[in-house]
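Working through the structure, step by step
Spelled out, the chains give:
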Amino acid sequence: MTKDFPLVIFTLLQQMAAGGFILLALLLIKQQLNQASSLQLSRRLIVVLILSGLALATSTLHLGHPLRGANVLLGLGRSWLSNEVIITGTFFGSVGFYWLASWKKQEWVGLRKLSLVVGLLSGLAGLAAMSLTYMIYTVPVWDSWHTPAGFFATAATAGALLALLLVQPIEDFYTPKIQAGLHFVGLLGLLACAIVMGMQAAHWAGISTSVTTPAEQFAGYSSWMTARAVLLLAAGILWLATVLKDRITPISLLATLLLVLAAEGAGRVIYYSVHMTVGL
Amino acid sequence: MTQQHGFYIDTEKCTGCKTCELACKDYKDLGTEINFRRIYEYTGGDWHQDATGCWIPDVFAYYVSMACNHCNNPACTTVCPTGAMHKRDDGFVLVAEDICIGCRHCESACPYGAPQYNAEKRNMTKCDGCYERVGEGKQPICVESCPLRAIDFGPMDELTEKYGYQRDIAPLPPSHMTQPNLIIRLNPNAKSTGSRAGTLANPQEV
């Protein structure tokens, strides 16, 4: 597992960044990009850019030869790991261009809109490619629908909270309708996280080879599973309570986000730790 | 494409002496952490009551020597992002160590444990089938070293003619997945792929 720890960080941060950007891009795409509130939100996307940049930087830590990183271009089309890196790089580039242009080149409305669309699509495609990277036919613990379901659920949950935090100070965007929409997406994502967790555990319980089972691969399996369930539950209770009592504040959103990240981080530690192939 | 080569492993003859593993280690100058060839000890047993009421043990142990099977459908090359892990025209699966970025994705994918990360070189390494020796008309070093003559190597059609088609045995994966160039002679105690009748007795060693 230790060798995969950078990937726990990479997948979490990138899923949060992609989820947040996709939701905000959907809001921005309908707006006049040059009105003050749109520009304000666009400039706050620096947070998405930093998260995605950190994710990409962290991912290089699991390489023996990070300086040869460009060699992944050689597998474009053939290897899903290559596709994932290149699509995620495109996402980072598009978000970076969009953010920079919202400061320096506001008159490039068409190009900015295009970079918004490319960012949105590469964000989505990146999540899909990330899933396919792990859906290796010889790795039964990863090669199932639970992989993409879990990744997209994390992106929806953490992404919605990130989006809420970013739009929160901007009145034009922090409308009751948009708030309701983002809370709905996020809570639905959280429910999906919990359901996928349960169904994936059941899927893993049915896997064995002559030498091992997923639970035998990870000494901390049950305690980490319990920790994840408790954290998910805590996030759900805090989130629902603050929504129902109309007590949403930046602090409550941040606290919920941290709980979600802790829960999904634990989930990712489990995911990498139960790794086993169909054989030895 | 020239003739595809493969290994024959006789689990009836093999005594688990690990000479093949050490010969490979010596020839390839490998440290303690890397074993291109590994010997999996599969052991188990139970008590059974026979018709007369007598309890009889059926303890078993057998050894499966495993390196790279230079598969026809290698999982390692499929996932490799750089193409460093590649199957040559002559069928050997090799890693181009100067291209490999050391992401270890092949290690995650291979169900035989063949690609191994060399922490000093910071890239993947693996059994190359001693293709240079084979090119000179010699056998791989593991084959020559085996005191029991329990390993053979050669063109797959010749091996098949001599030894048959058996490829599946616990604790190896189902052979249909990566189509290994491997032929197994079954030990009388051999369990079928996926069997939970035994356990791996030397997990620290492999």
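Every value quoted in this text rests on a predicted model; they were computed, and no experiment measured them. (Residues numbered from 1 in each chain as written. Chains lettered and ligands numbered in written order. Predicted model: local features only at pLDDT ≥ 70, side-chain atom pairs only at ≥ 80, totals over all residues.)

1. Observations concerning the overall build of chain B
Looking only at helices and strands, one finds six helices and twelve strands in chain B. Taken over the C-alpha trace, chain B has a radius of gyration of 18 Å; the compact-globule value for 206 residues is 17 Å, and the two agree within 12%. With the C-alpha coordinates aligned to their principal axes, the bounding extent of chain B is approximately 65 × 35 × 30 Å. Residues counted as buried form 41% of the 206 residues belonging to chain B. Excluding contacts between residues fewer than 6 apart, the proportion of contacts in chain B whose partners are at least 24 apart in sequence is 62%. (Helix = DSSP H or I, 4+ residues; strand = E, 2+ residues; numbered from the N terminus. Rg over C-alpha atoms; globule rule 2.2 N^0.38 Å. Buried ≥ 20, exposed ≤ 12 C-beta atoms within 10 Å, placed from the backbone. Contact = placed C-beta atoms within 7 Å.)

2. Here's the deal with the interface of chain A and chain B
Across the boundary between the two partners, chain A contributes 28 residues, which contact 36 residues of chain B. When its residues are assigned to classes, the side of chain A that touches chain B shows eleven nonpolar, 15 polar and two charged. (Nonpolar A, V, L, I, M, F, W, Y, C, P; charged D, E, K, R; others polar.)

3. Quick look at unusual backbone geometry
Note the cis peptide between Ala170 of chain B and Pro171 of chain B, where omega equals 5 degrees. Among the structural elements, Pro171 of chain B can be located in the loop between α6 (156-163) and β11 (182-185). For Asp246 of chain A, which is not glycine, the phi dihedral falls at a positive 55 degrees. Within the secondary structure, Asp246 of chain A is located in the loop between α9 (221-244) and α10 (250-273). In this structure Asp246 of chain A comes out as exposed when scored by C-beta crowding, with 6 C-beta atoms within 10 Å.

4. Remarks on the sheet that holds strand β10 (residues 151-155) of chain B
All names here are of chain B. Taking strand neighbours across the sheet as the criterion, the three strands line up as β10-β1-β11 in an open arrangement whose pairing is mixed. Two strands close off the open sheet at either side, each with one partner strand: β10 and β11. Put simply, the sheet's adjacent strands are angled 20 degrees from each other on average, direction ignored. With five bridges joining them, strand β1 (residues 5-10) and β10 adopt antiparallel strand pairing. Its bridge partner being in β10, Ile9 is matched across the sheet by Ile151. Contacting β1, β10 and β11, α6 crosses the sheet at an angle of about 130 degrees to β10. (Pairing = 2+ DSSP bridges. Axes fitted to C-alpha atoms, helices over the stretch in contact; angles between N-to-C directions.)

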